[in-house]
Amino acid sequence: MQGSSLMGSSRMDHSFVVLPRQRNQGHGGVPPRPPKAMEESFVVLPPPAASVYKPETSPTESGRTRSPSPRANTFGFHSCVTMLNRASEIATGQTQVEQPLCLECMRVLCDEFDKEVEDVSRDIRAYEGCLRQMEGERSLVLSEADFFKEKSKVEEEQRRMEAAISETEKQIAKIDIDLMELESKSKLFKEEEQYWHDFNSFQFQITSYQEERDAILAKIEVSQAHLESLKRTNVLNDAFFISNDGEFGTINTFRLGRLPKIRVEWDEINAAWGQACLLLHTMMQYLHPKFSCKIKILPMGSYPQIMDSNNNKYELHGPVNLFWSTGYDKAMTLFLTCLKEFAVFANSMDQANGMPPQKCFNLPYKIENDKVGGNYSITHSFNKPEHWTKALKYMLCNLKWVMFWFIGNTSFHPLSTMAHAPTKTPNLGSLFEKHSSDSKTNLKDSR
């Protein structure tokens, strides 16, 4: 667009170019033009003028090259100017007269120019600020000597870092070797750990076995102690416990004899005789046929009987009359004779075993016919109760000595003590004397 077309000529003051409304709507910065009165003259463009809206370049613009602006408003401004210039050229070509712009269009163009100038001024200020900043940074630029000095420092630091890197790589290689050694040692430690686990398990088993063994040994020791106690215990001594109760001799707590002030029932006396007969009968039967006696004892509980060599039976149980008890007295005398024969057999056995005469078995109280321990008769008829009771007590003492000899020389006693049985016989008698308050000395005192 030329300057003469902008100003207008005197002969074309009232000439206008009517552009389509789509032209103004395509540009956001151009407001719509208000309608004017039809009294003014207009030039209506033919249909070919619509080509102004096509994106074609005119012959005059084909040789020019426009650089696109990064700003959207600048691009709109150039487009607007280009379109107006194109419209003016088309109008001039149709009418052969240069067409000026209207005042509204001039105002729009001026506003666009002002915006463009403001943008350019802002860019200029930004460039000037950058220029001042660059000029201020020039003072920080090192000189060539300083640059080479700094460069040498950096190179030295680089060489030092490379040496450190090399040393680090060597250390890493050494660490890798050490790590491999540690891994091999770790395997050995694992094997050693497994060994100690197995060792501890084995020790625990050994400890368990030892504890079990100790428990078994303790049980064996207790059992052996119990066995020794059982060996020292005999059936006869437990089954026939002979002791005393004051003036009375007792067997299994049954008293034998009667006193004027202490009257013992005949049931108790019969039970005591039954126990004594059973004891002597058991020992005689065990030693049969080594020991044979013509007198036979028939233990029948509390009603025992004695059979002589002629097979005459005599009852050894009461009650009997104090003045007439011939059968009862005969039975007690036969029992005493049988006990004496058993003591003689025991003495002969000790002599046969080579024992000295003074250590051979002898009764503590001598038996002569119906008397025990001297002048104490075992008969009941026409006898004092005190003497009869004393004779029965001595008879039980002799019976206990015979039982101890029997235990020490037969299987009723442990085999380990059989060899020492003859020497223990006096001790067994003393044991009886410990339980008996009556002895030969007491007998003399009582006389």
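In this convention, every chain numbers its residues from 1, walking through the sequence in written order. Side-chain atom pairs in this predicted model are given and counted only at pLDDT of 80 or more, local residue features only at pLDDT of at least 70, and totals for whole chains, interfaces and linings cover all residues. Each side-chain value is derived from all of the structure's non-hydrogen atoms; neither hydrogens nor water enter the calculation.

The protein chain is annotated in an unreviewed UniProt entry as Beclin-1-like protein from Acorus calamus. Within the UniProt record for the protein chain, the comment given under Sequence similarities (unreviewed entry) is "Belongs to the beclin family." UniProt positions are given in the numbering used here, feature names are shortened, and annotations may be inferred rather than shown by experiment.

Before going further, it helps to spend a moment on the overall build of the protein chain. When you go through the protein chain residue by residue, the secondary structure sums to 11 helices and nine strands. Looking at the protein chain alone, contacts between residues at least 24 apart form 66% of all its contacts between residues at least 6 apart. With an accessible surface of roughly 29200 Å², the protein chain has 57% of that area assigned to carbon and sulfur atoms. Only DSSP runs of H or I with at least four residues qualify as helices, and only runs of E with at least two residues qualify as strands; both kinds are numbered from the N terminus onward. Residue contacts are counted whenever heavy atoms from the two residues lie within 4.5 Å of one another. In these tables, accessible area is a Shrake-Rupley quantity obtained with a 1.4 Å probe, and a residue counts as shielded only by the protein chains included in the view.

Moving on to the packing of helix α7 (residues 266-286) against helix α9 (residues 385-409). Every axis corresponds to a line fitted to the C-alpha atoms, with the helix fit spanning only the stretch in contact, and the corresponding angles, defined between N-to-C directions, vary from 0 to 180 degrees. It is the contact of α7 with α9, at a shortest axis distance of 11 Å, that shows an interaxial angle of 30°. By the criterion of interaxial angle, the relationship of α7 to α9 is roughly parallel. Here the hand of the crossing between α7 and α9 comes out left-handed. Together, W266, I269, W273, A276, L279, L280, M283 and Y286 of α7 and W388, L392, M395, L399, V402, M403 and F406 of α9 make up the contact between the two elements. Following the grouping adopted for this structure description, the nonpolar residues are Ala, Val, Leu, Ile, Met, Phe, Trp, Tyr, Cys and Pro, the charged ones are Asp, Glu, Lys and Arg, and the polar ones are all others, Gly among them. Tallied by class, residues from the contact of α7 with α9 come to 15 nonpolar, no polar and no charged. Any angle between 65 and 115 degrees counts as roughly perpendicular, while under 35 counts as roughly parallel, over 145 as roughly antiparallel, and the rest as oblique. Each crossing gets its handedness from the near helix: less than a right angle anticlockwise from the far helix is left-handed, clockwise is right-handed.

Time to look at unusual backbone geometry. The omega angle of the peptide bond from H288 to P289 is 10°, so this bond is cis rather than trans. The phi torsion at N369 lies on the positive side, around 50°, for a residue other than glycine. In this fold, N369 is placed in the loop between β7 (367-368) and β8 (371-372).

Another point: the packing of α7 against helix α8 (residues 326-352). To characterise two packed helices, one gives the angle between the axes of the helices and the distance between these axes. The contact between α7 and α8 brings their axes to 11 Å, and the two run at 30°. In this structure, α7 meets α8 at a crossing whose hand is left-handed. Counted together, W266, I269, W273, A276, C277, L280, M283 and M284 of α7 and Y328, M332, F335, C338, L339 and F342 of α8 form the full contact between these two elements. Across the contact of α7 with α8, the residue classes tally to 14 nonpolar, no polar and no charged.

Time to look at the pairing of strand β2 (residues 248-251). Here β2 shows a buried face lined by F248 and T250 and a second buried face lined by G249 and I251. At least two bridges found by DSSP between two strands is the condition for calling them paired. By the bridge criterion, four bridges tie strand β1 (residues 242-245) to β2 in an arrangement that is antiparallel. When the bridges of β2 are listed, I242 appears paired with I251. Hairpin connection between β1 and β2: a loop of two residues separates the two successive antiparallel strands, and G246 in this loop has a positive phi of roughly 70°. As consecutive antiparallel partners, β2 and strand β3 (residues 254-256) are separated by two residues, and within that stretch N252 has a phi angle of approximately 55°, a positive value. Throughout, exposure labels follow a simple rule: accessible area from a 1.4 Å probe, protein chains only, divided by the maximum for the residue type, with under 20% read as buried, over 50% as exposed, and the rest as partly exposed.

Quick look at the packing of aromatic side chains now. For any pair of aromatic rings, geometry is given as the distance between the ring centres together with the angle between the planes. A pair of aromatic rings is counted whenever rings of Phe, Tyr or Trp (Trp by its six-membered ring) have centres within 6.5 Å, and the orientation is called stacked for planes under 30 degrees apart, edge-to-face for over 60 and tilted otherwise. This model, assessed by the stated rule, comprises 16 aromatic pairs. On the numbers, 5.4 Å between centres and 65° between planes, the contact of Y195 with W196 is edge-to-face. Summarising the aromatic geometry, the rings of W273 and F335 are spaced 5.3 Å apart at their centres and angled 85° between planes, so their arrangement reads as edge-to-face. Here W273, found in helix α7, pairs with F335, found in helix α8; they are 62 residues apart in sequence, far enough to count as distant. As far as burial versus exposure is concerned, W273 and F335 are alike and both buried. Positioned above the aromatic ring of F248 is the side chain of R255, whose terminal nitrogen or guanidinium carbon lies 5.5 Å from the ring centre. In our convention, an over-ring charge means Lys NZ or Arg CZ found within 6 Å of a ring centre and within 35 degrees of that ring's normal.

Let us now look at the nonpolar core. Counting residues in each nonpolar core, the largest one holds 59 residues, and the members touching the most others are W273, L280, M283, F342, M395 and L399. At the level of secondary structure, the elements contributing two or more residues to this core comprise β2, α7, α8 and α9. The greatest single-element share of this core, amounting to 15 residues, is contributed by α9. The residues contacting F342, other than those within four sequence positions of it, are M283, M284, L287, F291, V402, W405 and F406. To define a nonpolar core, start from buried Ala, Val, Leu, Ile, Met, Phe, Trp, Tyr and Cys residues and group those joined through side-chain atoms within 4.5 Å.

A separate point is the sheet that holds strand β4 (residues 296-298). Taken in spatial order, the three strands line up as β4-β5-β6 in an open sheet, and their pairing is antiparallel. Unpaired on one side and paired on the other, β4 and β6 (313-315) mark the two borders of the sheet. Recorded for the sheet is a direction-independent mean angle of 25° between the axes of neighbouring strands. One ladder, built from three bridges, connects strand β5 (residues 305-307) with β6; its direction is antiparallel. Its bridge partner lying in β6, I306 is registered against Y314. Packing of α8 onto the sheet brings it into contact with β4, β5 and β6, and relative to β6 it is tilted by some 110°.

Its place among the elements puts F345 in helix α8. F345 sits 16 residues away from F361 along the chain, and the two C-alpha atoms are 9.2 Å apart. Residue contacts for F345: discarding those within four places in its chain leaves L287, K290, F291 and W405.

Hydrogen bonds between backbone atoms are what pair the strands of a sheet, whose relative direction is either parallel or antiparallel. Strand order in this open sheet of three strands is β7-β8-β9, and the pairing throughout is antiparallel. The two strands at the open ends of the sheet, each matched to only one other strand, are β7 and β9 (376-377).

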